[in-house]
Amino acid sequence: MSRTETFERGIHPQYHKELTAERSTVQAALPKRVLIPLSQHIGAPAAAIVAIGDEVRTGQLIGESAGFVSSPVHSSVSGKVIAIADFPLSSGKQGPCIVIESDGQDTYSDFQEHPDYMNLDPEKIKEIVKNAGIVGLGGAAFPTGVKLSPPKEKLIDAIIINGAECEPYLTADHRLMVEKPAEIVEGLKLLMKTLGVSEGYIGIEENKPDAIAAMEKAVSGQPIEVHALEVKYPQGAEKMLIKAIKDREVPARGLPMDVGIVVQNVGTALAVYEAVRYGKPLIERVVTITGDGIKEPGNMMVRVGTLISDVISQCGGLKEGAVKVIAGGPMMGFAQWTLDVPVVKGTSGILVMSSDEYVSSESYSPCIRCGRCIDVCPMGLNPSMLSILSEKEFFEQTGEYNLFDCFECGSCAYVCPSKRPMVQFMRLAKSQSKP
Amino acid sequence: MAVKNKENKLIVSVSPHVRDGESVGRIMWSVNLALLPAFIMAVYYFGPRAVYVTGLSILAAVLTEHFFQKGIGRPSTIHDGSAVLTGLLLGLNLPASVPFYIPIAGSFFVITIVKMLFGGLGYNVFNPALMGRAFLLITWPKAMTIWYEPTAKFVGMDATTTATPLGVLKEEGLPKLIQMFGDKSDMYLGMLSGNTAGSLGETSALALLVGALFLMARRYITWHIPVSFLGTVALFAWVFGGEGFFNGDPLIHVLSGGLFLGAFFMATDYVTCPTVRKGQIIFGIGCGAITMLIRLWGGFPEGVMFAVLLMNCFAPLIDRSVKPELFGAVKEQKQ
Ligand code: SF4
Ligand code: SF4
């Protein structure tokens with residue numbers, strides 16, 4: 001390794017990773033109550049298989065996968081089911097959740113361990129991954145089992161582990177790579193074995209030299225390369241990552257598997273290892289709690305279903321002047337209306353912004369056609385045109401400008417001098433037109 | 001956009017939640033600043049009248065915008081610097097000798113008709129300052145073509161009128177033009193520094209270049225339009241500008257008239273040029289070609305103004321036909 005690779009365009013926001021980059025992951029306190037949404041992933045929601053009053057154990061299956069693109073959910077504590085109802089979620093929507101009151105014992109259900117995990121049959125590994133409820137932990141939460149079952153005509157020849165972590169502020173993946181490099185590599189090897197590929201890559205932005213060093217050490221002697229990537233947003237978007245590392249361009253509107261590649265987040269690789277080796281389902285994840293508005297920023301291993309308010313109070317609470325709480329990173333995360341929403345499998349961070357960091361977006365002005373957004377759009381779109389068409393409600397014309405190739409990274413909004421709510425315009429147009 | 005939860009005081013808005021510090025105001029004021037060297041040279045060569053003329057046109061532009069917006073019940077946007085910029089650019093496009101009502105009428109016209117009636121900043125189709133110049137040229141053709149000798153150094157004018165270099169070139173030919181300056185190198189030097197007759201802000205190519213380089217360094221403008229514009233002018237001048245073919249003097253055409261002012265500061269006007277860089281090159285080539293068609297074979301000695309205004313009409317079309325390169329597009333076709 002010595003190359004620094006990247007994609008075209010993109011932006012260089014301030015990273016602010018220093019707030020938490022050096023802080024080791026600490027175990028969050030066992031929550032008294034968890035709200036476990038049945039839909040924490042892309043695809044069909046899981047179907048509840050427990051009823052109010054049922055006793056459950058930590059790691060027990062409580063919601064079954066309901067379809068090919070779907071994922072099961074497990075209890076993250078031991079205790080009693082006290083409600084199954086709709087609650088507000090961090091995505092801003094409402095969704096069905098199973099509420100479990102912890103008994104404080106954290107009694108685990110029996111996990112099926114596989115000490116000889118490397119010798120398992122690929123089909124068996126796929127089954128374990130699917131049943132463990134593993135989804136992409138980078139944010140999008142796409143069921144990992146589905147990615148491991150590509151259609152026959154798609155030949156996969158490489159797996160890339162995404163350690164770019166290009167969202168400002170977040171350091172969850174960074175800490176995992178520093179703290180558990182060997183386990184991540186084992187996870188990657190399992191994924192490689194499952195898909196029958198011989199090339200493995202780990203892409204990490206250059207601003208994490210300790211993570212690069214740790215991963216380099218962990219992969220030595222194996223057919224896996226660690227690639228240092230330019231620090232640029234959105235380097236961690238799948239298509240940009242593949243472009244940077246393998247110089248392959250995923251066709252517009254296509255998927256990584258169209259160019260023979262599967263991308264998995266570092267957290268996902270770790271979850272795969274823990275599921276296959278120890279039989280542990282996905283019931284906790286590392287969350288970065290950060291921003292100028294939180295008293296004690298840090299990285300925490302948090303049980304899925306823990307309320308954000310609970311996590312925040314474990315970090316000393318909000319500071320005076322905290323104005324915005326975001327689930328995820330500042331570029332693509334969701335601002336929260338209430339803090340009583342659960343941490344889900346895709347929650348990589350909780351960012352609390354103070355009034356100093358927050359740039360008001362309350363008013364915006366017409367597009368002055370400066371072209372800055374075009375210069376940064378990683379997908380090579382014309383965001384200016386798309387935003388104007390959406391603003392004027394000429395939705396049917398947006399297809400001509402490839403609206404549906406926009407993945408809402410927010411780069412265009414970041415640079416817009418007129419402070420236009422570009423992502424909102426894109427979403428509006430998408431909701432009003434057909435792909 | 002952003003809403004606030006009254007209980008917990010949290011603000012909710014759509015991602016992204018961080019933005020760079022750029023704003024319309026910062027960009028517009030930077031462009032104003034970039035025109036400062038040209039303005040200083042105008043004062044140096046044309047004396048206090050330069051301050052008088054540009055001052056009037058800026059003042060008229062700002063007041064017109066302010067009262068227009070107040071009148072229709074919208075918040076005034078004069079602080080964003082764009083009205084000042086329109087006034088300044090219009091002022092720099094005028095001869096030093098114009099009577100007071102010309103900059104005032106010009107600014108009033110462009111702010112109301114060209115800018116506000118089209119919907120304000122962002123919606124206008126034509127470059128306001130150039131529309132102003134065109135309007136004034138048609139309304140007061142005489143006053144708009146009286147050029148003073150630029151000899152007065154920071155002092156009042158001695159009222160010797162003369163012709164612009166391009167005017168001389170068109171009417172009397174190159175030998176006469178060179179003779180006017182002394183020799184050839186004096187001529188180039190005069191054009192670079194601004195020691196020639198012409199509109200207030202267009203004569204000093206060097207001062208304009210300094211401002212333009214500042215804007216490029218800040219990435220407020222890119223090379224695409226100026227380089228394609230200037231390059232096309234140079235090419236035409238070389239091929240068709242002399243006796244026979246491939247015999248012309250490209251430098252004279254590049255350095256004289258409103259070319260630098262037009263190519264760096266007016267053809268690059270965000271609102272009225274294409275947004276896609278590839279399209280901007282087409283736009284620049286179009287500007288250059290039309291400029292030279294007018295200069296060499298048209299009825300006017302100068303063609304930048306009409307060239308840019310004409311290309312402004314095509315900007316929307318160029319933006320519709322020239323798209324940025326879609327990520328993954330090439331492979332899509334192969335399949
Ligand atoms: S949000 Fe969409 S249009 Fe804007 S930069 Fe990202 S991909 Fe391009
Ligand atoms: S950055 Fe904003 S103002 Fe500039 S072209 Fe894009 S949408 Fe328009």
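Draft legend 1. Spatial organisation of helix H5 (residues 209–219) of chain A. Residue and element names in this part refer to chain A. Listed in full, the buried residues belonging to H5 are Ala211, Ile212, Ala214, Met215, Ala218 and Val219. Taken end-on, H5 shows its buried residues confined to a sector of 165°, consistent with a single buried face. Within H5, the exposed residues directed more than 90 degrees away from the buried face are Pro209 and Lys217. Along its buried surface, H5 packs onto helix H3 (172–179), helix H4 (181–195), strand E11 (199–205) and strand E12 (224–229). Downstream of H5 by one or two residues, Gly221 has phi in the positive range, about 85°.

Draft legend 2. Structural context of the interface of chain A and chain B. Taken together, the contact between chain A and chain B spans 65 residues of the former and 47 residues of the latter. Here chain A meets chain B over a buried area of about 5,100 Å², counting both sides, of which 57% is carbon and sulfur. Contact with chain B buries area across many residues of chain A, yet Trp337(A), Ile368(A) and Arg369(A) alone supply 16% of it, more than any other trio. The tally of links between chain A and chain B comes to four salt bridges. Put simply, Asp375(A) and Arg277(B) hold a salt bridge, and the shortest N to O gap is 2.4 Å. Counting the contacts that link chain A with chain B gives 22 residue pairs in polar contact (both at pLDDT 80 or more). Those elements giving two or more residues to the side of chain A that touches chain B turn out to be helix H6 (238–246), strand E16 (322–327), strand E17 (334–335), helix H9 (372–376), helix H10 (383–391), helix H11 (411–415) and helix H12 (422–432) of chain A. When residues of the side of chain A that touches chain B are assigned to their parent elements, the largest contribution, four residues, is made by E16(A). For the side of chain A that touches chain B, the per-class residue count stands at 35 nonpolar, 15 polar and 15 charged.

Draft legend 3. Fine view of the sheet that holds strand E8 (residues 79–88) of chain A. All names here are of chain A. Taken in spatial order, the four strands make up an open sheet running E3-E9-E8-E5, and their pairing is antiparallel. Two strands lie at the open edges of the sheet, namely strand E3 (33–37) and strand E5 (55–56), each paired on one side alone. As defined by bridge partners, E8 adjoins strand E9 (residues 94–102) across nine bridges and the pair is classed as antiparallel. Residue pairing across strands places Asp86 opposite Pro96, the latter belonging to E9.

Each value, and the rule that gives it
- Residues numbered from 1 in each chain as written.
- Chains lettered and ligands numbered in written order.
- Predicted model: local features only at pLDDT ≥ 70, side-chain atom pairs only at ≥ 80, totals over all residues.
- Heavy atoms only, no water.
- Buried < 20%, exposed > 50% of the residue type's maximum accessible area, 1.4 Å probe, protein only.
- Helix = DSSP H or I, 4+ residues; strand = E, 2+ residues; numbered from the N terminus.
- Arc of directions from axis to C-beta.
- Contact = heavy atoms within 4.5 Å.
- Buried area = accessible area lost by both parts, 1.4 Å probe.
- Salt bridge = Lys/Arg side-chain N within 4 Å of Asp/Glu carboxyl O.
- Polar contact = N/O pair within 3.5 Å; in protein donor to acceptor, adjacent residues only side chain to side chain.
- Nonpolar A, V, L, I, M, F, W, Y, C, P; charged D, E, K, R; others polar.
- Pairing = 2+ DSSP bridges.

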